[in-house]
Amino acid sequence: MTFWSRLQAFFVPDSFQDRYTLEEIREALLIVILRVSCLFGMLALLTNLSSMLENRAWGYLAIYALVAAWLIFIAFTKRVPYHLKVVSVVGILYVLGTSASLQFATAGDGRIWLLGMVVVSTLFLGLGFGLVATLFSTITLLFIGALMTYQIIPPPVFTKVGLPGEFTTWLTTSTSYLVISVVLVSSIAALVNTLGHTSKKYQNTALELEEKHQRDLTYTTQMEHRQEQLYIAAEISAILGRAPTLDSLLTTVVNLLRERFQLYYCGVFLIDEQGLYAILYAGTGEAGKKMHIAGHKLAIGGSSMIGWCIANRKARIALDTGVEAIRFNNPLLPLTRSELALPIMLGDQVWGALTIQSERPNAFDQTDITILENIANSLATAINNVQLVQQLQRSLEQVQRFNQQYLITAWQHRTTLGQKLEHELENPLAANVISETRTMRIPLTLRGVTIGEVTLEGGQPWDESDRAFAQAIATQTAQALENARLVSETLQQAQREQVVTTITEQVRASLDMETILRISASEIQRALRLQRVRIQLREDTSNQKTT
């Protein structure tokens, strides 16, 4: 450290640089002024000591000595209050200015000390005290001048000291000027230095606030992005629940993922029936279409991220596909830089995997993985629901086919019994009025099975309202006929059960075999309206197997 640096550190310590408030800055400047005043005050005392001893100015010598001692005390004692230090400095300057004016009148340096008092009062006590100090110092000078003018106090008589031709006069005046100048320069330098460091602190604070603002802005942007992703995930989950078929479901989800998450490619693989391969069922873009048409598939547990994630039931991420060891390098997707493979799982069952690819490196983080995993789980639920719906639809179609076959058999049986189910109503007067006959035929349909037909003939042209009316009547007629058939079959079944009960009671009441055979044959013939009934016992029963 150089001498100048040491001197500067003595007068302006580094701790002053941390002052921010006006009071702290004033206190720091006051300490600088006190330390400078101590140094140059001692020099001034030593410089003027010879002249004061020569003139035997013992009073002034005592005053200067007390002032120097008091300055040293308040400069290096921290317990002295701030205002006491300021008042001491102002008082010392006033005393020095007054004594110099009394000693040398206008030829001395009293005005310089009084000017220093005004500056210190203004700097450390404010504008009001500065104006008061100005007025008070001016009145003091005028008062001393009046006293000397009217010979109340004798004006100074210069022998050597105070005369312009004497070097001691210039030395005394220059010393006073030097002290005031150094005090002012030190104060201003300390003030500028403190303000500079304060400004730097504020700049650093502003930079920190700006960086914090940027971090907050980045965090807010990330949170908005996450919120948008969660909204997209909820939207996709809601759309998945409305997909009618598996193909439309998978196509919808890959297109939505690519569009909303701004991806390069997205595809869905499902496990085949043997559980050996993951087959691409849906993919985005032209590459997805080509691979789907070609039957693109990857071996489960093989050298691909899809196969690995299905086999291990874990998500696998490649933030830089160029260095990923386990990955299928697809020539149809040359721009892929980041890839994410997610298993499509529902409980312990794995349906397949979802591949998410981006042309940007390091495109996915843990939050992206979590959100996309939730979408994959929703996709698994949607796939399971679609398959359950399709299975239920197949079951319903099978039941409908059985029902239709039953209806066809029942009505065919009804017609084979020789029953003519037909009714025709004709208006004998219509032939004389109608010049041209128009015919409309409406089928009698019952749950998809046509059991008859309604034929309408008339002279008026048929419109859609007529056809709708006739269709409604035909539908109700078909249902009424079906109800009548069911009631008839129910009554017939009840009658047969009654006959069985009657035959059972009669045959149990008899122990004669001929009577039992005769009663059984008679009741069967009567119940079924048969022409002939024969009941015959086998003569040889030895070859029959018993159970």
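Residues numbered from 1 in each chain as written. Predicted model: local features only at pLDDT ≥ 70, side-chain atom pairs only at ≥ 80, totals over all residues. Heavy atoms only, no water.

Caption draft 1: Representation of the overall build of the chain. Counting secondary structure elements, the chain contains 14 helices and eight strands. Evaluated residue by residue, the chain yields a buried proportion of 33% over its 547 residues. Summing over all exposed atoms, the chain offers an accessible surface of approximately 35000 Å²; the carbon and sulfur share of this is 59%. (Helix = DSSP H or I, 4+ residues; strand = E, 2+ residues; numbered from the N terminus. Buried < 20%, exposed > 50% of the residue type's maximum accessible area, 1.4 Å probe, protein only. Areas by Shrake-Rupley, 256 points an atom, 1.4 Å probe, with all protein chains shown as cover.)

Caption draft 2: Here's a closer look at unusual backbone geometry. With a phi close to 60°, Gln151 is a non-glycine residue in the positive phi region. Within the secondary structure, Gln151 sits in the loop between α6 (127-149) and α7 (167-240). Here Gln151 falls in the exposed class, since its relative accessible area comes to 56%. One non-glycine residue, Asn362, lies in the positive phi region at around 55°. Within the secondary structure, Asn362 is located in the loop between β6 (349-358) and α11 (366-416).

Caption draft 3: Geometry of the environment of Tyr406. In this structure, Tyr406 sits in helix α11. Once residues lying within four places of it in the same chain are set aside, the contact partners of Tyr406 are Arg485, Leu486 and Glu489. (Contact = heavy atoms within 4.5 Å.)

Caption draft 4: Here's a closer look at the confidence of the model for the chain. With 80% of its residues at a pLDDT of at least 70, the chain reaches an overall mean of 76. Element-level pLDDT for the chain is lowest in helix α1 (residues 3-11), with a mean of 50, against a maximum mean of 92 in strand β1 (residues 265-271). Contacts of residues 161-165 to residues separated by more than four positions or lying in other chains number eleven contacts, the stretch itself having pLDDT below 50. (pLDDT = per-residue confidence, 0-100.)

Caption draft 5: Region of the structure containing the pairing of strand β5 (residues 338-346). When you tally the buried positions in β5, you get eight out of nine residues, the bulk of the element. Relative to β5, strand β4 (residues 316-318) runs antiparallel, the two sharing three bridges. Across the sheet, the residue bridging to Arg316 is Ala341, located in β5. Bridge count between β5 and β6: nine bridges; the pairing is antiparallel. Paired with Leu342 across the strands is Leu354, a residue of β6. Remark: two residues form the turn of the hairpin made by β5 and β6, two consecutive strands paired antiparallel; Gly347 in that turn has positive phi of roughly 70°. (Pairing = 2+ DSSP bridges.)

Caption draft 6: Structural view of the sheet that holds β1. Taken in spatial order, the six strands make up an open sheet running β3-β2-β1-β6-β5-β4, and their pairing is antiparallel. Because the sheet does not close on itself, it has two edges, and the strands there are β3 (297-299) and β4. The average undirected angle you get between the axes of adjacent strands in this sheet is 25°. As judged from the five bridges shared by β1 and strand β2 (residues 277-283), these two strands associate in the antiparallel manner. Bridge assignment links Phe269 to a residue of β2, and that residue is Leu280. Against the sheet, helix α9 (residues 285-293) engages β1 and β2, with an angle of about 135° to β2. (Axes fitted to C-alpha atoms, helices over the stretch in contact; angles between N-to-C directions.)

Caption draft 7: Structural view of the packing of aromatic side chains. Inspection of every chain in the model, using the stated rule, returns two aromatic pairs. Centroid distance Tyr94 to Phe136: 5.0 Å. Interplanar angle 40°. Geometry classified as tilted. Of the two residues, Tyr94 sits in helix α4 (residues 82-104) while Phe136 sits in helix α6, which places them 42 residues apart along the sequence. Phe136 gets classed as partly exposed once you look at its relative accessible area, which sits at 44%. One cation-aromatic arrangement involves Lys297 over Tyr277; the distance from NZ or CZ to the ring centre is 4.3 Å. Positioned above the aromatic ring of Trp308, the side-chain terminus of Arg316 is 4.7 Å from the ring centre. (Phe/Tyr/Trp six-rings, centres within 6.5 Å; stacked < 30°, edge-to-face > 60°. Lys NZ or Arg CZ within 6 Å of the ring centre and 35° of its normal.)

Caption draft 8: Local environment of the side chain of Ser520. Tracing the backbone through its elements, the reader meets Ser520 in helix α14 (residues 513-528). Since its relative accessible area comes to 14%, Ser520 is described here as buried. Not counting residues up to four positions away in its chain, the partners in contact with Ser520 are Ile503, Val507 and Ile535.

Caption draft 9: Local environment of the side chain of Ser99. Note that Ser99 resides in helix α4. Residue classification places Ser99 among the buried residues on the basis of a relative accessible area of 6%. Other than its neighbours up to four places away in sequence, Ser99 contacts Tyr60 and Tyr64.

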